[in-house]
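A look at the structure
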Amino acid sequence: MVSIEEKLIKRIKKGDRDAFPELVELYKDKIYHVAYRMLGNAQEAEDIAQETFIRVYANLENYDPNYKFSTWIYRIATNLCIDLLRKRKQSVYSLDKTMEGAEGVDWHDRLADPDLGPEDKLLEGEFHGQVQKAIDSLSPKYRSIMILRYLEDLSLNEISEALKLPITTIKTRIHRGREALKKKLNF
Amino acid sequence: MNCHQANELIHSYLDEDLTEHEQSELKQHLCQCVDCRTHFHGLRQVIVFLQSASHVYAPENFTEKVMAQLPKDTMLQVWKKRLHRHPLLVAASLFILLMAGSSYSLWADDKQFLLTTPGPEHLQINSDKNIVIVPVNQTVAGDIVIRNGDIKVEGTVEGNVVAIDGHIYLASTGHITGEKEEISQAVEWVWYNLKQTVMNLTY
Ligand SMILES: [Zn+2]
């Protein structure tokens, strides 16, 4: 059976202008949600989600239809998030360097708590805020897997396909992720 | 079974990865061992906790923003796509383009601001800046064609909007029931005219 995604991709490749926005509509909430959970910030999540679809459009020729479209797009999104998290870490580091000794101000705390956008404020204080805090405590490689497994409900096989990692690695990381969160949350 | 082995099985159980035999072995251990039982419940709680996360939805106009950022097709791609969709039309228009240089010169000479609309009284026209606005709450019944200028649609156009060598800005309040097309090349102008002619002939 041909999936909706496959039909849309055929139409896009044929030059049907209406097909790509349909594909975006189909995946925008999923991709935005993953980016939001990975980054914990609405503005960055929107930028990364936008960039994900632009890359999908630009690389559609390279998409291998033997794999599920969903795993391909999740891979693009998580890779972009991980890149950004890495850059963010580097910039915090370089700020630390330049601000060293700045009258005892704890820059680390300031940087770790950027201004919240309107949406973040809305969600703050919800039970959700606790979930995000717990997710943020994980390193990116565990974070992506826990999000895909428990927030996006992907199977272990799908995660293995999306992240191009052997299933044994996925299992090990899920085990460690669960243990780390249990400790963090005092469950 | 020791507690370390039991913990391995607990994780496999949570991944739905246990044989029936292993399950009953694990069950047995959990019945006897309070520590492992507590640990098991804790891990289950982690999962339920994560799954309780409220879903976050993409912000408004997300798709429009993506579409606005996509690279505009090159002329070659445009022609390829059209050739795919309207092979006869493209062949015919290319033929005309090659045969008659006159359409091109007509295009090249013609740089003045031009507006065709069935309802000019509904429009705000700023001829200094070459911009036409369809104001909020105004409805224009019919097609609008503008050349060498921009059009901003804040109200409704019940028809097509075409900007030749100009841009169409659709405000969040705006609505165009028909097609919305920006034409910026002489070749496209020929194509567009040809399409109109053929459409007039066929409908
Ligand atoms: Zn035990």
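Residues numbered from 1 in each chain as written. Chains lettered and ligands numbered in written order. Predicted model: local features only at pLDDT ≥ 70, side-chain atom pairs only at ≥ 80, totals over all residues. Heavy atoms only, no water.

1. A short note on the overall build of chain B
In terms of regular secondary structure, chain B is built from eight helices and eleven strands. Across the 203 residues in chain B, those meeting the buried criterion constitute 37%. Intrachain contacts of chain B at a sequence separation of at least 6 include 32% that bridge at least 24 residues. Summed over all atoms, the accessible surface of chain B reaches about 12,200 Å², with 54% contributed by carbon and sulfur. (Helix = DSSP H or I, 4+ residues; strand = E, 2+ residues; numbered from the N terminus. Buried < 20%, exposed > 50% of the residue type's maximum accessible area, 1.4 Å probe, protein only. Contact = heavy atoms within 4.5 Å. Areas by Shrake-Rupley, 256 points an atom, 1.4 Å probe, with all protein chains shown as cover.)

2. Topic: the interface of chain B and chain A
If you look at the interface, chain B gives 35 residues, while chain A gives 42 residues. Overall, the association of chain B and chain A removes approximately 3,800 Å² of surface from exposure, summing both partners, and the carbon and sulfur fraction of that is 65%. Interface area lost by chain B to chain A is led by Phe49(B), Leu50(B) and Val56(B), which between them contribute 19%. For the interface between chain B and chain A, the tally reads three salt bridges. Listing elements by their share of the side of chain B that touches chain A, those giving two or more residues are helix H1 (3–14), helix H3 (34–51), helix H4 (62–69) and helix H5 (75–85) of chain B. The leading source of residues in the side of chain B that touches chain A is H3(B), at nine residues. Among the residues making up the side of chain B that touches chain A, the classes are represented as 16 nonpolar, 13 polar and six charged. (Buried area = accessible area lost by both parts, 1.4 Å probe. Salt bridge = Lys/Arg side-chain N within 4 Å of Asp/Glu carboxyl O. Nonpolar A, V, L, I, M, F, W, Y, C, P; charged D, E, K, R; others polar.)

3. A closer look at the side chain of Thr63(B)
Turning to its location among the elements, Thr63(B) is positioned in helix H4. Polar contacts involving the side chain of Thr63(B) include one to the side chain of Glu25(A), which spans 2.6 Å. Not counting chain neighbours up to four residues away, the residues in contact with Thr63(B) comprise Pro21(A), Val24(A), Glu25(A) and Lys28(A). (Polar contact = N/O pair within 3.5 Å; in protein donor to acceptor, adjacent residues only side chain to side chain.)

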